[in-house]
Amino acid sequence: GLGVGRLLGTTGMVTLDPGFTNTASCTSDITYIDGDAGILRYRGYPIAELATSSSFLEVAYLLINGELPDSQTLERFERRIGRHRLLHEDFLSFFTSFPSSGHPMAILQAGIAGLATYYEDTLNPHDPYERELATVLLLAKVPTMISYIARRAIGLPLLYPDPKRGYVEDFLNMTFGMPYQVHDIDPVVVRALDMLLILHADHEQNCSTSTVRLVGSSDANMYASVAAGVGALSGPLHGGANEAVLRMLDTIQSEGLSTAEFVRKVKNKEDGVRLMGFGHRVYKNYDPRAALVKATAHDVLGRLGSDDGDRKLEIAMELEEVALSDDYFISRKLYPNVDFYTGLIYQAMGFPTKMFTPLFALGRLPGWIAQYREMMDDPAKRIGRPRQVYTGEPERHYVAMHRRE
Ligand code: ACO
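Keep in mind that what you see is a predicted model, and the values were worked out from it rather than measured.

Calculation rules
- Residues numbered from 1 in each chain as written.
- Predicted model: local features only at pLDDT ≥ 70, side-chain atom pairs only at ≥ 80, totals over all residues.
- Helix = DSSP H or I, 4+ residues; strand = E, 2+ residues; numbered from the N terminus.
- Rg over C-alpha atoms; globule rule 2.2 N^0.38 Å.
- Buried ≥ 20, exposed ≤ 12 C-beta atoms within 10 Å, placed from the backbone.
- Axes fitted to C-alpha atoms, helices over the stretch in contact; angles between N-to-C directions.
- Parallel < 35°, antiparallel > 145°, perpendicular 65-115°, else oblique.
- Left-handed = near helix turned anticlockwise from the far one by under 90°.
- Contact = placed C-beta atoms within 7 Å.
- Nonpolar A, V, L, I, M, F, W, Y, C, P; charged D, E, K, R; others polar.
- Pairing = 2+ DSSP bridges.
- Expected span 1.5 Å × (residues − 1).
- pLDDT = per-residue confidence, 0-100.
- UniProt positions renumbered as here; feature names shortened; annotations may be inferred.

S.K.: Teacher, can you tell me more about the overall build of the protein chain here?
M.R.: When helices and strands are tallied, the protein chain shows 17 helices and five strands. Since a compact globule built from 405 residues should have a radius of gyration of about 22 Å, the 23 Å found for the protein chain is in line with a globular shape. Here the protein chain holds 405 residues, and 42% of them are scored as buried.

Here's what the structure looks like:
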């Protein structure tokens, strides 16, 4: 077979490892995962401790800088980000140049790449000042962008950032608030979203993060690299899974299927149906994030839930129960991943299904930035350039058009 292929005329053996199951592309100090034991740590801190005790921007600082900030440092970091939350006014016409029904991930990817045109003095990844500014600008402006995309999709006027509000609270206000009205955002909702963002903040060399690193390895600027990460995240096998879970629950509900019937379809691989939100390349045990999300789903739905949301949560829990006692899933070590329950919470908060994956992007942003910066400082950094095992035709000669059959 092609387990190990030999490339003639090059410097040695080339391993063929589709999907990079066994290939490390870098060394990293940022995130530790033990997939068999179900362990996840950021910079050495267990995910459950950060999720319950920390804030999203504190975790962003930790991932990017390697240490937890003291209170003054965190305050300065938050204030600096707060000052940059406004988008350049030209961006308003940028958003209106897309169909309002267009998928938010496509608009977000274009918007993030476009930031490079407004901040040309922040593009050098090897200049510490420019790189720090690009970091702050991205963390500051991406939530504003996501809110604007959400508002425009339903035709509501855009709200400017309010520097008096906290990061997550203001994101919720910009998304759901009304002009000239002061809204109190429910602190339970703010806290739940803060926690979900923390849980998504980094996950070592997943598809989107590897993409950010690969693009950045050419010394492409941070906006171009992060925008490429958004593209990778948009796929249903990665960040799109949270949206796919909700659609799956909708289908089960509207077709009146029992969970057992649906699981049978999945096992028989009918029409390629998978149990969305289940399975993970690295976790062969319960995803530690899924357990935290499940608990939050109960809290948030208990507070904001509708009959429909409650029914969907029931279906999801039933699916989990059926799957976890079924040999198909047991033998393949398929457990719920972080996104099995997140969609239900986002829906209860009022986010339309299409906005779920942008929320994942907002959460993953600090991880992408931290990994990009770590790579730039790595003395072993080289441009990413995988090899291949050629399986095409041997040399042959051009055939004139009139002689082709
Ligand atoms: N439902 C049913 N069967 C599954 C599922 C699933 N969700 N996931 C994997 N399998 C089966 C495969 O069919 C395969 O079975 P086979 O050996 O009989 O062919 C076996 O389990 C191994 O699956 P692979 O696709 O080889 O696993 P891989 O590591 O490549 O994929 C992935 C991991 C993409 C997450 C996969 O489990 C999946 O598609 N899950 C559903 C989508 C999802 O939830 N993605 C979110 C991932 S987490 C995230 O991005 C935050």
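S.K.: What exactly am I supposed to notice about the packing of helix α6 (residues 128–153) against helix α7 (residues 167–176) here?
M.R.: Helices that pack against each other are described as a pair by the angle of their axes relative to one another and the distance between those axes. The interhelical angle for the contact between α6 and α7, taken along N-to-C directions, is 20°, at an axis separation of 8 Å. By the angle class used here, α6 and α7 are roughly parallel. Of the two elements, α6 crosses α7, and the hand of that crossing is right-handed. Residues Pro143, Thr144, Ser147, Ala150 and Arg151 of α6 lie in contact with α7, whose contacting residues are Phe171, Met174 and Thr175. Classifying every residue of the contact of α6 with α7 gives four nonpolar, three polar and one charged.

S.K.: Can you walk me through the sheet that holds strand β3 (residues 31–34) in this structure?
M.R.: Note on sheets: strands pair through backbone hydrogen bonds, and any given pair is parallel or antiparallel. The strand order β3-β4-β5 describes an open sheet built from three strands, whose pairing is antiparallel. Two strands lie at the open edges of the sheet, namely β3 and β5 (45–46), each paired on one side alone. The pairing of β3 with strand β4 (residues 39–42) spans four bridges and is classified as antiparallel. Looking across to β4, one finds that Asp34 is bridged to Ile39.

S.K.: Teacher, can you tell me more about the packing of helix α5 (residues 104–118) against α6 here?
M.R.: Axis separation between α5 and α6 bottoms out at 10 Å; the angle between their running directions is 145°. As α5 runs across α6, the sense of the crossing is right-handed. Two secondary-structure elements touch here, α5 through Pro104, Ile107, Leu108, Gly111, Ile112 and Leu115 and α6 through Leu137, Lys141, Val142, Met145, Ile146 and Ile149. In the contact of α5 with α6, the residues fall into ten nonpolar, one polar and one charged.

S.K.: What is the right way to look at the environment of Ala140 in this model?
M.R.: One can find Ala140 in helix α6. It is 6.6 Å that separates the C-alpha atoms of Ala140 and Gly82, two residues lying 58 residues apart in sequence. With near-sequence residues (within four places) excluded, Ala140 lies in contact with Ile81, His84 and Arg85.

S.K.: In this structure, what is going on with the environment of Asp184? I would like to understand it.
M.R.: Summarising the element assignment, Asp184 is placed in the loop between α7 and α8 (187–199). Owing to 7 C-beta atoms within 10 Å, Asp184 belongs among the exposed residues under this scheme. For the pair formed by Asp184 and Gly19, sequence separation is 165 residues and the distance between their alpha carbons is 46 Å.

S.K.: Explain α8 to me, please; I cannot follow it from the model alone.
M.R.: Every α-helix winds through 3.6 residues per turn, so residues three or four apart in the chain are directed the same way. The first and last C-alpha atoms of α8 sit 18 Å apart over 13 residues, in line with the 18 Å expected at 1.5 Å per residue. Turning to α8, its buried residues number three or more, namely Val189, Val190, Ala192, Leu193, Asp194, Met195, Leu196, Leu197, Ile198 and Leu199. Buried residues along α8 sit in contact with α1 (47–53), α2 (56–65), α7, α13 (288–304), α16 (339–349) and α17 (356–376).

S.K.: Can you help me understand the confidence of the model for the protein chain in this one?
M.R.: Detailed reading of the predicted coordinates is not advisable wherever pLDDT is low. Scored by pLDDT, the protein chain comes out at a mean of 93, with 97% of its residues at no less than 70. Contacts of residues 1–6 to residues separated by more than four positions or lying in other chains number ten contacts, the stretch itself having pLDDT below 50.

S.K.: Is there a simple way to think about the UniProt feature "active site" (unreviewed entry) in the protein chain in this case?
M.R.: The UniProt feature table records "active site" (unreviewed entry) at His280 and Asp339. Across 60 residues, the annotated set stays spatially compact, with a maximum C-alpha separation of 10.7 Å. Relative to the helices and strands, His280 is located in the loop between α12 (259–267) and α13. What makes His280 buried here is the crowd of 21 C-beta atoms within 10 Å.

S.K.: Where do I start with the pairing of β3 in this structure?
M.R.: Put simply, side chains in a regular strand alternate between the two faces of the sheet. Judged by which residues are buried, β3 turns out to be one-sided: Thr31 and Ile33 face inward and are buried, whereas Tyr32 and Asp34, on the alternate face, are not. Linking two consecutive strands that pair antiparallel, namely β3 and β4, is a turn of four residues; a positive phi of about 70° is found at Gly38 within it.

S.K.: I'm lost on α2 in this one. Help?
M.R.: For α2, a buried count of eight out of ten residues is recorded, marking the element as mostly surrounded by other parts of the structure. When we look at burial in α2, the residues that qualify are Phe56, Leu57, Val59, Ala60, Tyr61, Leu62, Leu63 and Ile64. In the stretch just after α2, Gly66 is the one whose phi turns positive, near 95°.

S.K.: I'm lost on unusual backbone geometry in this one. Help?
M.R.: Across residues other than glycine, the phi torsion is negative in most instances, and most of the peptide bonds are trans. Even without glycine at this site, Glu204 takes up a positive phi of about 40°. C-beta crowding within 10 Å serves as the criterion here: with 18 such atoms nearby, Glu204 is assigned to the partly exposed category. Even without a glycine there, the phi angle at Asp219 is positive, about 70°. In this fold, Asp219 is placed in the loop between α9 (207–216) and α10 (222–233).

S.K.: Could you clarify how one ought to interpret the environment of His298 in this entry?
M.R.: For His298, the position within the fold is in helix α13. Remark: the alpha-carbon pair of His298 and Pro386, spanning 88 residues in sequence, is separated by 44 Å.

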